[in-house]
Structure formats: structure tokens, C-alpha cells
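One-letter residues, chain by chain:
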Amino acid sequence: MLYICHMKLFLDDNRQPYDVFLNTIDPDYESNDSWSIVRSYDEFVNYINEFGLPKLISFDHDLDMDHYLPENQSDIDYSSLKSLTGYDCAIWLVEYCNENGFVIPNFKVHSQNPVGKDNIIEVLSK
């Protein structure tokens, strides 16, 4: 059964929502308790398949140590990466919503990778 759940979904390989709050003072991140946290592409997909679309998703781009290399911070060659990124999660989400007739949920991108952040925003805003 698919439905919009009331939780917020936080995708990040190591940070907690409150860590983002400390940098942004965005009240959405003030409490870790109001978020479900996933750490990888597989966890992201499994969460949505099990619980449905959350009311808000916050995306990180870099989900693996390989993603933090300098060459993956500017001109990202996604085909060369060893593991999937938050950008891949965003692509999956768009396809999932299109296939099921859902609207993309509200989203934020808290990634500190500027190119990755722009890529996620671009795919989700089409």
C-alpha cells in the first residue's frame, strides 16, 4: 500500500538533521526526532517502497567516501563512481513518482557539494 507518510526523510551518509541545523539554523532540522534517517541509495528506495512518500525529503549528494574526492566535487562523472549518490536517489524518486502518478514531495538539499546540490535540484524541479 502506498501513501504519503507524515515523517520527513533525511538522506545523508553520516550527518544527523541537527548537524545541518547548526550550519543553517533552518528550523526543519532542529530535532532529529522528526526525521527518518537513511544512509544510502538502497535504504532510500526501501524506505519509500515500505512507508510511502514522506512529506519532506532532505538530500545529501555524497553518500560514500569516493564521492568526496576533489574530482567528484566539480565535474562529476557519475558513470565512474563506485556507489550511488543522492543525485541517483533523486532520479529514482522522479521515475517512481511518474510511474505511480504521484507529485514529487517537498524537498530540500543540504549537500555541501555545490555541483551535486545543483544536479539534485535540477532533476527534482523538472
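Structure's up top.
Definitions and cut-offs
Residues numbered from 1 in each chain as written. Predicted model: local features only at pLDDT ≥ 70, side-chain atom pairs only at ≥ 80, totals over all residues. Heavy atoms only, no water. Buried < 20%, exposed > 50% of the residue type's maximum accessible area, 1.4 Å probe, protein only. Helix = DSSP H or I, 4+ residues; strand = E, 2+ residues; numbered from the N terminus. Arc of directions from axis to C-beta. Contact = heavy atoms within 4.5 Å. Polar contact = N/O pair within 3.5 Å; in protein donor to acceptor, adjacent residues only side chain to side chain. Phe/Tyr/Trp six-rings, centres within 6.5 Å; stacked < 30°, edge-to-face > 60°. Salt bridge = Lys/Arg side-chain N within 4 Å of Asp/Glu carboxyl O.

Caption draft 1: Focus on helix H4 (residues 114-124). Those residues of H4 lying buried are Gly116, Asn119, Ile120, Val123 and Leu124. Down the axis of H4, the smallest arc covering the buried residues is 120°, so these residues share one side. Buried residues belonging to H4 abut strand E3 (56-59), helix H3 (86-100) and strand E4 (106-109). Measuring from the backbone nitrogen of Val115 back to the side-chain oxygen at the start of H4 gives 3.2 Å, which picks out Asn113 as the cap.

Caption draft 2: Quick look at the packing of aromatic side chains. Counted by the stated rule, this structure contains 10 aromatic pairs. The interplanar angle of 70° and the centroid separation of 5.7 Å between the aromatic rings of Phe10 and Trp35 together place this pair among those described as edge-to-face. Within this pair, whereas Phe10 is found in strand E1 (residues 8-11), its partner Trp35 is found in strand E2 (residues 35-38), the two being separated by 25 residues in sequence. Relative accessible area serves as the criterion here: at 5%, Trp35 is assigned to the buried category.

Caption draft 3: Broad picture of the pattern of salt bridges. Taken as a whole, this structure holds four salt bridges when the rule is applied. As a salt-bridge pair, Asp12 and Arg15 come within 2.9 Å of each other at their nearest N and O atoms. Classification of Asp12 as buried rests on a relative accessible area of 0%. Arg15 sits in the buried class, given a relative accessible area of 15%. Salt bridges sharing common partners tie together Asp12, Arg15 and Asp60.

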